[in-house]
Every structure is written in C-alpha cells, then in structure tokens.
Number of protein chains: 2
Amino acid sequence: MTQPEVQWSSEEKEIAQQALKKAYEQDIEALISSVKEHAEKISETEDVWQLHDFLSAKRHDIDGKYDDRETFLMFTLSKLIKDRLLTLADLEDLAADKRAKISLLTRM
Amino acid sequence: MTQPEVQWSSEEKEIAQQALKKAYEQDIEALISSVKEHAEKISETEDVWQLHDFLSAKRHDIDGKYDDRETFLMFTLSKLIKDRLLTLADLEDLAADKRAKISLLTRM
C-alpha cells in the first residue's frame, strides 16, 4: 500500500523539526540518567556487559527513530507519540489533516 | 612454524589458571572503575556513544584474552604479561623452561 504523498510547508517542517528536537533531547536526557544509574550499580562483570547490551540497543533504537525525511515524518512523529516522547499537543500548530493522520498512525 | 607441543602437568595447569584468574580479576576491576568514571562525566550524547564504543572494544578484548586451552596457554600468559596484568613472578612456580619460553614470547 502506497502512502499518499503528504505535502509539508516550510512552516510545518519547522514545527516537526522542533518536535523532533524536543523528543530527542528528552530521550537523551533519560538515557544519560539511566546510564549513570546503571553504572553506579555495577559490581561485577555481568553488570558491565548488561550496560553494554543496553547501550547497543539504545543506540540502534535512537539511530533509527528520528528520521526527518519528509516522506517519513508522519511515521516518525507517530512513533514518538507512541513512545511517549511527544504528545499530539506538541503538534497543535500542524494542519488538522496531518494531526488526524498522525493520530491514526499512533493507533496502528 | 609450528610451536612444539608443550606439556603441562595438572599442577602447572592449576598455576596457570590461578594466574589467569588473578589477571582477569584485576582487568575487570580496572574496567569497572573506568566505566564508573566515564559514566560520571557524561554530559552529552557523544559521551554516551564513546562509552558504548569503549565497552565494545573492551568486551572484544577481554573475550579473546583469557584463552586457557592448553595449546594457547603460553601465548595467553605472555600476552597478559605484555599487558601488565601479570608479571613473570606470578609464574615462578612453573618449570623453568616454560618461564623462559613465556619470557621470550613477551619480547616478540
């Protein structure tokens, strides 16, 4: 199924970029806290490798999560909402049809 | 060039195992301190990925460094001496010919 082409004005792209930036910063802030917390609790080898596995998974996750190419923006934003890094309220300045589509995607 | 077969008595294998254990514990202790130190200093994303890269490298290094198969013991021990995780004094109870060979390998 081909997703019908969605047009983004430069204003809307800027709104999306700001939302992505906000989510990313929140994501990284939580990651840093989590790493520090993990590290403090390390007492044996297995804890070190668990931290390594955790970082490998997070890096993979974050690398793919902020795709800002126009074709993927709807998916990117809906995924960030599903991951509780954004809410629809962060996108209130987007056109209503885009918000409706993003909202629909969060339920898929 | 084939390494001539070196025979290890069970006593000598036990000495080698003890030395490996000592080196491993020292290695892990240093690793844990290092990870905690790294983690405390994290302030931005790049620091997190640097910690991840560091852990990937250390895991790879440690995974290969403690090969206790009889055929590899000479190499394993000499490598640990080169890495300053053991000294020849830790192997003083080994037969003199083995110590001489290990010492030679540390200079290769």
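Residues numbered from 1 in each chain as written. Chains lettered and ligands numbered in written order. Predicted model: local features only at pLDDT ≥ 70, side-chain atom pairs only at ≥ 80, totals over all residues. Heavy atoms only, no water.

## Topic: the nonpolar core
Item 1. Counting residues in each nonpolar core, the largest one holds 59 residues, and the members touching the most others are Val 35 and Leu 77 of chain A together with Val 35 and Leu 77 of chain B.
Item 2. Where this core is concerned, the elements lending two or more residues are helix 1 (10-40), helix 2 (45-65), helix 3 (73-82) and helix 4 (96-106) of chain A together with helix 1 (10-40), helix 2 (45-65), helix 3 (73-82) and helix 4 (96-106) of chain B.
Item 3. No other element matches the 10 residues that helix 1 of chain A contributes to this core.
Item 4. For Val 35 of chain A, the residues in contact, after removing those within four places along its chain, are Leu 51, Phe 54 and Leu 55 of chain A together with Ala 39, Ile 42, Val 48 and Leu 51 of chain B. (Core = buried A, V, L, I, M, F, W, Y, C linked by side-chain atoms within 4.5 Å. Buried < 20%, exposed > 50% of the residue type's maximum accessible area, 1.4 Å probe, protein only. Helix = DSSP H or I, 4+ residues; strand = E, 2+ residues; numbered from the N terminus. Contact = heavy atoms within 4.5 Å.)

## What to know about the interface of chain A and chain B
Item 1. Taken together, the contact pairs 23 residues of chain A with 23 residues of chain B.
Item 2. Across the interface of chain A and chain B, roughly 1,900 Å² is buried in total on both sides, 69% from carbon and sulfur atoms.
Item 3. Contact with chain B buries surface across chain A, with Trp 49, His 52 and Arg 59 of chain A losing the most and accounting together for 34% of the total.
Item 4. At the boundary of chain A with chain B, the tally comes to two salt bridges.
Item 5. Put simply, Asp 53 of chain B and Arg 59 of chain A hold a salt bridge, and the shortest N to O gap is 2.8 Å.
Item 6. Between chain A and chain B we count 14 residue pairs in polar contact (both at pLDDT 80 or more) in total.
Item 7. Residues that form the side of chain A that touches chain B fall into these classes: 12 nonpolar, four polar and seven charged. (Buried area = accessible area lost by both parts, 1.4 Å probe. Salt bridge = Lys/Arg side-chain N within 4 Å of Asp/Glu carboxyl O. Polar contact = N/O pair within 3.5 Å; in protein donor to acceptor, adjacent residues only side chain to side chain. Nonpolar A, V, L, I, M, F, W, Y, C, P; charged D, E, K, R; others polar.)

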